[in-house]
Structure formats: C-alpha cells, structure tokens
Amino acid sequence: MSQKRKVMASVATFAALGAAAGGLSAAGLLPATAGDGAERAESTQEDFYNSAELPQRYAEALEDFEGDFPKSTVTQEVLQARSQMGAALPADAGKANVEDGLEDVMAAETWLCAWQGELLDAAANDDQEGVRDAGEQLRGWYDLEAVKEWVVDPGKQWEKTILEPALDGDTGPMQSLMDMCYPGNSAQE
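Residues numbered from 1 in each chain as written. Predicted model: local features only at pLDDT ≥ 70, side-chain atom pairs only at ≥ 80, totals over all residues. Heavy atoms only, no water.

K.L.:
Looking at this model, I keep getting lost on the confidence of the model for the protein. Mind explaining?
P.N.:
Close inspection of predicted coordinates is inappropriate for parts of the model with low pLDDT. Per-residue pLDDT for the protein averages 75, and the proportion of residues at 70 or more is 67%. Below a pLDDT of 50 lies the segment residues 1–41, which in the model reaches 90 contacts outside its immediate sequence neighbourhood of four places, other chains included. Counted against residues more than four places away or in other chains, residues 185–189, with its pLDDT under 50, gives three contacts. (pLDDT = per-residue confidence, 0-100. Contact = heavy atoms within 4.5 Å.)

K.L.:
Any chance you could explain the packing of aromatic side chains here in plain terms?
P.N.:
Throughout the structure, instances matching the rule amount to three aromatic pairs. Aromatic pair F65 and F69: ring centres 5.6 Å apart, planes at 55°, arrangement tilted. In this structure, F65 and F69 share a single accessibility class: buried. Summarising the aromatic geometry, the rings of Y142 and W158 are spaced 6.1 Å apart at their centres and angled 65° between planes, so their arrangement reads as edge-to-face. Within this pair, whereas Y142 is found in the loop between α5 (128–138) and α6 (145–150), its partner W158 is found in helix α7 (residues 157–167), the two being separated by 16 residues in sequence. In this structure, Y142 and W158 share a single accessibility class: buried. Taken together, the ring pairs connect W141, Y142 and W158 into an aromatic cluster. A cation over an aromatic ring shows up here: R57 above the ring of Y49, its NZ or CZ 3.7 Å from the ring centre. (Phe/Tyr/Trp six-rings, centres within 6.5 Å; stacked < 30°, edge-to-face > 60°. Buried < 20%, exposed > 50% of the residue type's maximum accessible area, 1.4 Å probe, protein only. Helix = DSSP H or I, 4+ residues; strand = E, 2+ residues; numbered from the N terminus. Lys NZ or Arg CZ within 6 Å of the ring centre and 35° of its normal.)

K.L.:
What should I look at first to understand the pattern of salt bridges in this one?
P.N.:
Inspection of the entire model under this criterion finds five salt bridges. Between D100 and R57 there is a salt bridge; the shortest N-O distance is 3.4 Å. With a gap of 43 residues between them, D100 in the loop between β3 (97–99) and α4 (102–124) and R57 in helix α2 (residues 54–63) connect regions that are remote in the sequence. Judged by relative accessible area, D100 falls into the buried class, the value being 16%. Here the salt bridges share partners, and the residues they tie into one network are E53, R57 and D100. (Salt bridge = Lys/Arg side-chain N within 4 Å of Asp/Glu carboxyl O.)

K.L.:
Looking at this model, I keep getting lost on α4. Mind explaining?
P.N.:
For an α-helix, 3.6 residues make a turn, and residues three or four places apart therefore share a direction. Over its 23 residues, α4 extends 32 Å from the first C-alpha to the last, a length consistent with the 33 Å expected when each residue adds 1.5 Å. Burial analysis of α4 places 19 of its 23 residues in the buried class, the great majority of the element. (Expected span 1.5 Å × (residues − 1).)

K.L.:
Looking at this model, I keep getting lost on the state of the cysteines. Mind explaining?
P.N.:
Two cysteines whose sulfur atoms are joined by a covalent bond form what is called a disulfide. The final tally for this structure, using the stated rule, is one disulfide. A sulfur-sulfur separation of 2.0 Å characterises the disulfide bridge that pairs C113 with C181. Because the torsion about its S-S bond is -85°, the bridge between C113 and C181 counts as left-handed. One end of the pair, C113, is in helix α4; the other, C181, is in the segment after α8 (172–177), and 68 residues separate them in sequence. Neither C113 nor C181 differs from the other in exposure class; each is buried. (Disulfide = S-S within 2.5 Å.)

K.L.:
Before we go on, may I ask you to explain the packing of α2 against α4 in this structure?
P.N.:
Geometry of a packed helix pair, given as the angle between the helix axes and the separation of the axes. Where α2 contacts α4, the axes come no closer than 8 Å and their chain directions differ by 55°. Regarding the angle of α2 to α4, the classification is oblique. Judged by the twist between their axes, the crossing of α2 over α4 is right-handed. Two secondary-structure elements touch here, α2 through L54, R57, Y58, A61 and L62 and α4 through L102, E103, D104, M106, A107 and T110. Here the residues of the contact of α2 with α4 are counted per class, giving seven nonpolar, one polar and three charged. (Axes fitted to C-alpha atoms, helices over the stretch in contact; angles between N-to-C directions. Parallel < 35°, antiparallel > 145°, perpendicular 65-115°, else oblique. Left-handed = near helix turned anticlockwise from the far one by under 90°. Nonpolar A, V, L, I, M, F, W, Y, C, P; charged D, E, K, R; others polar.)

As structure tokens, then:
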C-alpha cells in the first residue's frame, strides 16, 4: 500500500471486524486518527472497493499472510468462525465501500486470534512450553505489516493488559478478548 493511502482504519472498519465495543478497542487498540501520530492523507476513490468483494479479498489476504499460523484444532476453529465474517455482512453490504487494507487487518486479527487461542489452550492444559511458544509468536503482533500500517495501540496496551497477564498466568483478560474471534457468537466456549 502506498504512503498516500496510509489512512488508518475507521471505527466502522473495526466494527466490521467484530471488534466494536468490547473487542480490540477494549485492549487499547484504536483506529488511527489525526493528531495521534498516524499519517493522514486524502483518500481517493481508488482506495476503496465494494464491500461485496471483502470475503474474497479476506481469503486472499489469509493465503498471502506473512505470519505463520499455529497448526492446531484451535486454529482451525478460529479460521472456520472468521471465514463466516463475509456472510455476516448486512444484506445491503454491497451498497457500501470499504477501504483497501481492511482485508489485511482482518487477516492479522485472525492470526492474533489463532495464537491467543493457542496460548489459552496451552494454559488450560498446564503446557508451559506451549504458553511460552505462543507468547513468543504473539510478541510479533506489532511487527506485522498490516498492524504497523493500520493499527494504533498507544503505549502497547494490548501487550500490557492482555499478553503480559496471560504469560503471568492471568488468562482472564485474553479469554474475554476472544469473543471478537468468533463473530456472531459472544458465548464461544
């Protein structure tokens, strides 16, 4: 994506990601806005596409994703649940446009969900090596290109309030954040 198009994700974008109130924003991850250090540029019509294209673009972003996904049942559950996001769009979604890059943020969040699920599964099974391995992967969240370009997390609040407590044995905050990983099912077990 060009520097000109470094207009950050909007609140509507995060709502589409299933990260509205109680989602990523609760962990301190926010869409960038003017004045918070994020570059702002004028968007052009070419920077947007019809939202009906989102499911296909998301699938392509997952295929091309830079990070490794854990190879586990948890990952398959997360991928299955999040693949339904396109189907969960409102019936009139094709009448709206979304900014190019949303699909990359969705893929990054899917990666985040998979590794968080992996950490939680390891913690539930008292697998300290699995917790450490998943934690090491999750520390790479801020290095993902889509995250660097589209997500603002002032003071790395996700790491401080979600990841670090989980690594120290308090998985409650991470568990509560997992609801965003299963769109349309806030009671995922």
